[in-house]
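Spelled out, the chains give:
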Amino acid sequence: MKISAHGLATGSLAQRSLAAVWHPCTQMQRAAQVPPLAVVRGEGPWLFDDTGQRYFDTSSSWWVNLFGHADARINAALKDQLETLPHVMLAGCTHAPAVELAERLSALTGGTLGHCFFASDGASAVEIALKMSFHHWRNLGRSDKREFVCLRKGYHGETLGALAVTDVAVFRDAYDPLLMRAHQVMSPDARQAMTGESAADVARRATAELEALLQARHAHIAALILEPLVQGATGMAFYDPAYLRAARKLCDQFDVTLIADEIAVGCGRTGTFFAFEQAALPGEQAIWPDLICLSKGISGGYLPLSLVLSRDSIYEAFLDDDVTRGFLHSHSYTGNALACRAALAVLDRFAQEDVLRHNREQAATLTTALAPLAADPRIEHFRQLGMIWAFDVREPLIGPRFAERFHLAGRAYELLIRPIGRTVYLMPPYVLTEDLSQWLAERLLATLNYVLNQIPPDVDRAPEPPTA
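Numbering of residues begins from 1 in every chain and follows the order in which that chain's sequence is written. In view of the model being predicted, local features appear only for residues whose pLDDT reaches at least 70, and side-chain atom pairs are presented and counted only at 80 or more, with totals across whole chains, interfaces and linings using the full set of residues. Values reported for side chains reflect all heavy atoms of the structure, with hydrogen atoms and water molecules removed beforehand.

Engineer: I keep staring at the sheet that holds strand E16 (residues 423-426) and nothing clicks. Help me out?
Structural biologist: For two strands to pair, DSSP has to find at least two bridges joining them. By definition, any uninterrupted DSSP run of H or I lasting at least four residues is a helix, any uninterrupted run of E lasting at least two residues is a strand, and each is numbered from the N terminus. One open sheet holds the 3 strands; their spatial order is E13-E14-E16, and the pairing between them is antiparallel. Bordering the open sheet on either side are strand E13 (379-385) and E16, each of which pairs with just one other strand. Put simply, the sheet's adjacent strands are angled 15° from each other on average, direction ignored. In the sheet, E13 pairs with strand E14 (residues 388-393) via 5 bridges, with the strands oriented antiparallel. Axis geometry follows a simple rule: fit a line to the C-alpha atoms, using only the stretch in contact for helices, then measure angles between N-to-C directions, giving values from 0 to 180 degrees.

Engineer: Would you explain unusual backbone geometry in this entry?
Structural biologist: The bulk of non-glycine residues show a negative phi, and the bulk of peptide bonds are trans. Positive phi, normally seen in glycine, also occurs at Trp63, with a value near 75°. By secondary structure assignment, the location of Trp63 is in helix H2 (residues 60-63). Phi angles above zero are rare outside glycine, and Cys267 is one such case at about 60°. With respect to the secondary-structure elements, Cys267 resides in the loop between strand E10 (257-261) and strand E11 (291-294). Each residue is assigned to one of three classes by its accessible area relative to the maximum for its type, calculated with a 1.4 Å probe on protein chains only: buried under 20%, partly exposed between the two thresholds, exposed over 50%. Cys267 gets classed as buried once you look at its relative accessible area, which sits at 1%.

Engineer: What is the right way to look at the state of the cysteines in this model?
Structural biologist: Disulfide: a covalent bond connecting the sulfur atoms of a pair of cysteines. In this description, a disulfide is simply a cysteine sulfur pair whose atoms lie within 2.5 Å. Scanning the entire structure with this criterion turns up 0 disulfides. Between Cys25, a cysteine without a disulfide, and Cys150, which holds the nearest cysteine sulfur, the sulfur-to-sulfur distance is 19 Å. With relative accessibility at 31%, the residue Cys25 sits in the partly exposed group. Cysteine Cys251 shares no disulfide, and the gap to the nearest cysteine sulfur, in Cys150, comes to 13 Å.

Engineer: What am I meant to see in the packing of helix H14 (residues 402-412) against helix H15 (residues 434-453) here?
Structural biologist: In a pair of packed helices, the angle between the axes and the distance between the axes together describe the arrangement. Put simply, H14 and H15 touch, their axes get as near as 9 Å, and they point 130° apart. Classed by the angle they form, the pair H14 and H15 counts as oblique. The chirality of how H14 crosses H15 is right-handed. Within the contact between the two elements, H14 uses Phe402, Arg405, Phe406, Ala409 and Gly410 and H15 uses Leu444, Thr447, Leu448, Tyr450, Val451 and Leu452. In the scheme used here, Gly and all other residues not listed as nonpolar or charged are polar, with Ala, Val, Leu, Ile, Met, Phe, Trp, Tyr, Cys and Pro taken as nonpolar and Asp, Glu, Lys and Arg as charged. Taken together, the residues that form the contact of H14 with H15 break down as 8 nonpolar, 2 polar and 1 charged. Here the angle decides the label: under 35 degrees means roughly parallel, over 145 means roughly antiparallel, 65 to 115 means roughly perpendicular, and every other value means oblique. By convention the crossing between two helices is left-handed if the near helix lies anticlockwise of the far one by an angle smaller than a right angle, and right-handed if it lies clockwise. Note on definitions: a residue-residue contact is assigned when non-hydrogen atoms from the two residues lie within 4.5 Å.

Engineer: How do you make sense of the sheet that holds strand E1 (residues 39-43) when you look at a structure like this?
Structural biologist: Sheet strands pair via backbone hydrogen bonds, and the direction of the pair is either parallel or antiparallel. Reading across the sheet, the 4 strands line up as E1-E2-E3-E15 and stay open at both edges, with mixed pairing between neighbours. Looking at strand neighbours, the two that pair on one side only are E1 and strand E15 (415-416), the edges of this open sheet. For strand E3 (residues 54-57) and E15, the ladder comprises 2 bridges, and the chain directions are parallel. For Asp57, the partnering residue across the bridge sits in E15 and is Leu416.

Engineer: Can you help me understand the nonpolar core in this one?
Structural biologist: Soluble, globular proteins show a tendency: their nonpolar side chains are buried together. Definition used in this section: a nonpolar core is a set of buried Ala, Val, Leu, Ile, Met, Phe, Trp, Tyr and Cys residues joined via side-chain atoms within 4.5 Å. Counting 105 residues, the largest nonpolar core has Leu226, Met236 and Ile298 as its most contacted members. Tallying contributions element by element places helix H11 (residues 337-353) first for this core, with 10 residues. Once residues lying within four places of it in the same chain are set aside, the contact partners of Leu226 are Leu151, His156, Tyr239, Tyr243, Leu244, Ala247, Leu258, Ile259, Ala260, Asp261 and Phe276. Grouped together as the second largest cluster of nonpolar side chains are 24 residues, Ala162, Val165, Ala222 and Val308 included.

Engineer: Would you explain the confidence of the model for the protein chain in this entry?
Structural biologist: Segments scoring low in pLDDT should not have their predicted coordinates read at a detailed level. Each residue gets a pLDDT score, which is the predictor's confidence in that residue and runs from 0 to 100. Averaged over every residue, the pLDDT of the protein chain is 95; the share at 70 or more is 95%. Ignoring residues within four places in sequence, the model shows residues 457-462, a span with pLDDT below 50, making 8 contacts including any to other chains.

Engineer: Help me understand helix H9 (residues 242-253) in this model?
Structural biologist: Every α-helix winds through 3.6 residues per turn, so residues three or four apart in the chain are directed the same way. Helix length check: H9 (12 residues) gives 17 Å between terminal C-alpha atoms against 16 Å at 1.5 Å per residue, within 8%. Of the positions making up H9, those classed as buried are Ala242, Tyr243, Leu244, Ala246, Ala247, Arg248, Leu250 and Cys251. Downstream of H9 by one or two residues, Asp255 has phi in the positive range, about 55°. To estimate how far a helix should reach, multiply one less than its number of residues by 1.5 Å.

Set out below in C-alpha cells:
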C-alpha cells in the first residue's frame, strides 16, 4: 500500500482501515475476507457507503440509533449546545444538561430512583453499579457482602468487572484467570421450555435455582445483575416478566441489591421506556430495581453516554464526613454536556411524539409482514417484543460461518445485518413505516433464502463463535 506525503495510506477507505484500525469484536485475520463497510453518510434508517450504495441499519448501529441517522432535531440541539458549553468537569461543577437529564430520568421512575451517576459506556455503567453495591454494603458495616450473582448466558460488557458477571465464552474465556468469581444461576430463557411448559414455567424453574442460592449465600452476596426481559448478546433470549417479579421479591427477602442492566433493552426497545416497567402485573404498583444501568439509545446514537440510576437508600449510604466513604469513581468526561443534551433531545422525542404508541403500531405492521418467515419450517423460536424481532435458523441447515455469510449476503440485499450465531435479529430505528416494513421483510427472507441455498463445499469451516 502506498503512503501519501502526509503519511496516510492510499487506497480505498476499507483498505486504509485494515492497515491502521484495530476493529472491535472482529478477528482481524478474517477482515480481508469480510472487509469493513466504508460508511460515509447516514440518513434516517439508511447508511451509504463510499460507492453510493445504501444499507438499512437493521441493528440501529449496535442498538444505539433510535430515531435514524442525522436526525434534524437532535442535530439542532447539539449545535446549540456546542455554541454554549461543550464540556466542563462534573467534579466540583455542574451544568444544566446533566441536572435536567438526571431529574427527568428520575421522574420516569416516579422518583423511586432519585440520583443519577454518569459514565461513558455500558460496561463502565456496570462497573459502577457493582462497585456501588459492594461499597454501600461496606459503608453499612456489612463488608462480607462482596459476591455477585448473574444469569447464565448473560452479557454485561467487556471490562474486567463486567466480564466477571458475563457468561458468553467468546468474550470471557481468554480473561478468565483475571476475573473475580461470580455465581451463575439458570437463565429464564423461554427457549428452554420442555414439552408442555410455558415461558412462565421456565421462569419459575429459574427462580427456584436463584432462591436456593440466595438462601445459602445471602450473607455474602452483594447483588444480582440481570438484563430485564431480553438477554441480548447471547442470541436475543426472551423471558417471562414473572422472573423479574420473583427476583425483586427474593432480593428484598435476602437483602441483595437488584441491578437492572437496561443498556440494550431500555429507551423503549421492549415496548416500555424501561423494560423493568413490565415486571408489575396490570393494575398493580410499579416494581423497580435498586440500580438501573442505561446507555446505548439514551443519546440517540450520537455520543458515548451511560449512567446509573440509584435508589436514595444506596446514595445515602455514602454520605459522611470521611471522604473514603464517598463514591470516588470518575472519568474526565463524566456527564459531558453535549452527550447529556443529546439525551435530552431523545427524551423530548418520547415526550412530544408518543413514540411508544407509534412503535406498537409499527411493530404490529412489521410482525404481520414477517408472518411468512415466522411460519417457515427452516426456522424456530420466532419471537418479538417491542421493537425486537428474532428467530433461530435450525442447526442442521446453517452450514459453516453462517453469521458471516448472512452478513455478506445481506449487504447485497441492502441490509446491514449481523446475526448472533444462528440467531437472526432485527432492532431497527424507530422510523418504520408500512412500506418500509414490507420491504424489510421481503429483503430479510430473500437473504435467508440465498444463504441457505448457497453453502459452498470449500468454504472455511473454522468454528464461528456467536458475537453481536
